[in-house]
Amino acid sequence: MPSIGGKFSEPIANWAASGARYYSIGFYYRQRFGAPVRKISLDAGMNCPNRDGTLGSQGCIFCDPASFSPSRRLAGLSISQQIARGIQTLSARGHVTKFVAYFQPGTNTYAPVDRLRAVYEEALDNPQVVGIAIGTRPDCLPPPVLDLLAEISARTFLVLEIGLQSIRDGSLQWLRRGHDYQCFCRAVEAAAKYGLKVGAHVILGLPEESTHDAQATAQELNRLGVHSVKLHNLYAVRGTQLAGMLAAGQVRLPNMSEYVQLAADFLECLSPRCVVERLSGDAPPEYLIAPLWCRDKAAVRAAIEAELQRRDSRQGQRWHEQSDCGSKQC
Ligand code: SF4
């Protein structure tokens, strides 16, 4: 199957020259913007078709219902106020002057185009905002929305972050995602036609999934030519169906050692052109039920790097240019 994203003629960034084991978002930002960049998470109050009854009313089994209630949202704050607050907080932690506005909770392309335009433009109005990242589902990208995103992308940095989670339809059903893998492929193909950068969100270590699945997922992302990937371990937060399943002993979550192996296996097969934006997921301590090891993201990252070092390996070690067109297996 041919590649879709059309980015394979781009040169591979020289991230490995610094001794890095993977192509981090920090490296990418510094090359792209000439300075460190931080993301500011924004809540535009978007709903989701997997929550509002269109596809379902319960959402994905891991989705935090509190993110749909005023208590956890930045209630009452406009987008520009949220950005001002984010800049203040992040600037206090280090010298950062450039920011990417990240529309995170809910499905941030699931609204009338005029409303989407208004919230995106409000974010871009801040002179310290150098771009936007938009979190969404693969089934919420109709042509008018893609037109809008292409228009904005032509004048600023824009990444469309699409939830994939798994390339296995059985896993997607178990997660109650409400879409299949082909839906994700169609979304990436459509986004590529509009010249958009796509980031994929992936969960490693789902029940019934193996090392082979992690490697196959990396190969698929290579074939699709996604710009970036966020890796997550499956974790349970209060109030989710997953938390109930965990309490009932119906699901087992990988331990840290197992997750580190899967992440290393995944990275070895991932194209060196794909930016790695995240290596594990977590939640605020007051909401996280399990696994507790994911609270220390720095430790998880260090363990994955140490594992790659132990293997004398890095992102793309088992990737071959030809594998992006499906002619050679990773
Ligand atoms: S698609 Fe996203 S916002 Fe919607 S229910 Fe699933 S995780 Fe939650």
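I will try to describe carefully the structure that is included in this document.

Near the ligand, the surroundings consist of 10 residues, among which Cys48, Gly59, Cys60, Cys63 and Arg137 are the closest. Classifying every residue of the shell around the ligand by side-chain character gives five nonpolar, three polar and two charged.

With that settled, the discussion passes to the pattern of salt bridges. Inspection of every chain in the model, using the stated rule, returns 14 salt bridges. Note that Lys39 is salt-bridged to Glu161, the shortest N-O span being 2.5 Å. With Lys39 in strand 1 (residues 37–42) and Glu161 in strand 4 (residues 157–165), this pair connects stretches of sequence that are 122 residues apart. For Glu161, a relative accessible area of 2% corresponds to the buried category. Linking Arg252 and Glu258 is a salt bridge whose minimum nitrogen-to-oxygen distance equals 2.8 Å. When salt bridges with common partners are traced through the structure, they connect Asp265, Glu268, Glu307, Arg310 and Arg311 into a single cluster.

It is worth spelling out the packing of aromatic side chains at this point. Counted by the stated rule, this structure contains 11 aromatic pairs. Taking 5.5 Å as the distance between ring centres and 65° as the angle between the ring planes, the aromatic pair formed by Phe103 and Tyr120 counts as edge-to-face. Placement of Phe103 in strand 2 (residues 98–103) and of Tyr120 in helix 3 (residues 113–124) is noted, with a sequence separation of 17 residues between them. Take Phe103: its relative accessible area is 0%, and that puts it in the buried class. Stacked on the ring of Tyr102, the Lys or Arg Lys39 has its end atom at 4.1 Å from the ring centre.

Conventions used here
- Residues numbered from 1 in each chain as written.
- Predicted model: local features only at pLDDT ≥ 70, side-chain atom pairs only at ≥ 80, totals over all residues.
- Heavy atoms only, no water.
- Near = heavy atom within 4 Å.
- Nonpolar A, V, L, I, M, F, W, Y, C, P; charged D, E, K, R; others polar.
- Salt bridge = Lys/Arg side-chain N within 4 Å of Asp/Glu carboxyl O.
- Helix = DSSP H or I, 4+ residues; strand = E, 2+ residues; numbered from the N terminus.
- Buried < 20%, exposed > 50% of the residue type's maximum accessible area, 1.4 Å probe, protein only.
- Phe/Tyr/Trp six-rings, centres within 6.5 Å; stacked < 30°, edge-to-face > 60°.
- Lys NZ or Arg CZ within 6 Å of the ring centre and 35° of its normal.

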